[in-house]
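Summary of the model geometry
The chain contents come next:
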Amino acid sequence: MYDHTVTSGFLIEKTFARMCREFLNRLKHFRPDLVNKSFYSWPRTDVPPEQMPKQYRGLQREPIQGWMEELRGSGVVEPTEQELEASLFLTELERADKADHDFIFALPDAQALLQMIPPPLEREIIWARRMDAGDEPPRETELLGYEPSGFLTPCCESALADWMFFNYGSIPDEDGSKLREYHEKLNRWGLFDSPVDAERYLGAFLSFVPADREWHRYNNYITEVRVVEGT
C-alpha cells in the first residue's frame, strides 16, 4: 500500500472551472469519443461549470506542488510560469517543516502562497483531514463535505472524482448508471454530506472496480474537506 504520515493540512487546489476546462482539453485530444457524454457529472462543452448542479471541490484537483529548479528539464511536470514563485515557496515551507507532501500546516503560510500567484487566480485554499486521525479543523473553515481519498499528493486520487467527474473511460460504465444512486446523494460541491455515505460509496466502488486496478493497491481514507472562509 502507498501511504504517508500527513493526516491533515491546507492544500492550494485548482478551481472546479479550471479543472473542467483542462479535463475537456485532454478529453478532446485523447478520447474525443467521450466528449459531452452524459455520464454522472462529467464536464461538458455546452454547460458552463458554474451552471453545473454538482461542482466538485474535493482533493483531486491537482494541488500546487513544491518545486526545485534542479528538476528543470528532467521530464517531471513543471509548474507554470504564473505559479512558479508559489511552488518555490512551498518547497521552502517543506524545508522549514511548515509543510509536508504539499500539505501546508498553517493558514497564514497558505494565504501567503496564494498571494504569490498573479491574476487570473484559479486556485483556492482548502483544508482536509483523514477522519481516522481525529485532527481538529481550523475555526476559519467551513465544511464542504466528505469523500474517499488516497490522501496522497500530488494526485490526491479520489474514488469519487475519478468516477463521477474526471474519468477518461478507464473504468467500464457504459451508460453511467452503475453508481447512480450515490451520485444523486452528492451535494452541490460534489461531495457527500456524511462520512457514512462516503464509506458506503467506497465499498460499492471497490466491489465494482476490477481487482487488478490501482484502487486496490493503496489505502483509501474517508476525508473531510473544508474551505477557508472568504475564498
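The structure displayed is predicted, hence computed values, not measured ones.

**Some words on the nonpolar core**
Leu59, Trp163, Met164, Phe166, Leu179, Tyr201 and Phe205 are the most contacted members of the largest nonpolar core, which has 47 residues in total. Residue assignment for this core shows that the elements contributing at least two residues are helix 1 (16–30), strand 4 (123–130), strand 5 (141–149), helix 4 (161–164), helix 6 (195–208) and strand 6 (221–228). Among the elements that make up this core, the one with the highest residue count is helix 1 (six residues). Residues contacting Phe166, with those up to four places away along its chain left out, are Phe16, Met19, Cys20, Phe23, Pro43, Tyr56, Gln60 and Ala161.

**Some thoughts on the pattern of salt bridges**
As enumerated under the stated definition, the model contains 16 salt bridges in all. Between Arg21 and Glu122 there is a salt bridge, and its shortest N-O distance comes to 2.9 Å. Placement of the pair is Arg21 in helix 1 and Glu122 in the loop between helix 3 (107–115) and strand 4, with a sequence separation of 101 residues. For Glu124, the salt bridge identified is with Arg57, shortest N-O distance 2.6 Å. You can see Glu124 sitting in strand 4 and its partner Arg57 sitting in the loop between helix 1 and helix 2 (84–95), a full 67 residues away along the chain. In the salt-bridge network here, residues are joined through shared partners; they are Lys14, Arg18, Glu22, Arg26, Glu62, Glu83 and Arg123.

**Considerations on the environment of Ser194**
Tracing the sequence through the fold places Ser194 in the loop between helix 5 (180–183) and helix 6. Sequence spacing of Ser194 and Ile222 is 28 residues, and the spatial spacing of their C-alpha atoms is 9.9 Å.

**Quick notes on the packing of helix 2 against helix 3**
With their axes 9 Å apart at the nearest point, helix 2 and helix 3 run at an angle of 155° to one another. Judged by the inter-axis angle, helix 2 sits roughly antiparallel to helix 3. As helix 2 runs across helix 3, the sense of the crossing is right-handed. Packed against helix 2, whose contacting residues are Ala86, Phe89, Leu90 and Leu93, the element helix 3 presents Asp109, Ala112 and Leu113 at the interface.

**Notes on the side chain of Glu22**
The residue Glu22 is located in helix 1 in this model. Using a relative accessible area of 17% as the deciding quantity, one classes Glu22 as buried. A distance of 3.0 Å separates the side chain of Glu22 from the side chain of Arg18, its partner in a polar contact. Non-local contacts of Glu22, meaning those with residues more than four positions away in its chain, are made with Lys14 and Glu62.

**What to know about the state of the cysteines**
For the structure on display, the rule yields zero disulfides. Between Cys20, a cysteine without a disulfide, and Cys156, which holds the nearest cysteine sulfur, the sulfur-to-sulfur distance is 18 Å. On the basis of relative accessible area, Cys20 is assigned to the buried category, the value being 2%.

Analysis parameters
- Residues numbered from 1 in each chain as written.
- Predicted model: local features only at pLDDT ≥ 70, side-chain atom pairs only at ≥ 80, totals over all residues.
- Heavy atoms only, no water.
- Core = buried A, V, L, I, M, F, W, Y, C linked by side-chain atoms within 4.5 Å.
- Buried < 20%, exposed > 50% of the residue type's maximum accessible area, 1.4 Å probe, protein only.
- Helix = DSSP H or I, 4+ residues; strand = E, 2+ residues; numbered from the N terminus.
- Contact = heavy atoms within 4.5 Å.
- Salt bridge = Lys/Arg side-chain N within 4 Å of Asp/Glu carboxyl O.
- Axes fitted to C-alpha atoms, helices over the stretch in contact; angles between N-to-C directions.
- Parallel < 35°, antiparallel > 145°, perpendicular 65-115°, else oblique.
- Left-handed = near helix turned anticlockwise from the far one by under 90°.
- Polar contact = N/O pair within 3.5 Å; in protein donor to acceptor, adjacent residues only side chain to side chain.
- Disulfide = S-S within 2.5 Å.

What is shown is where atoms sit, not what they do.
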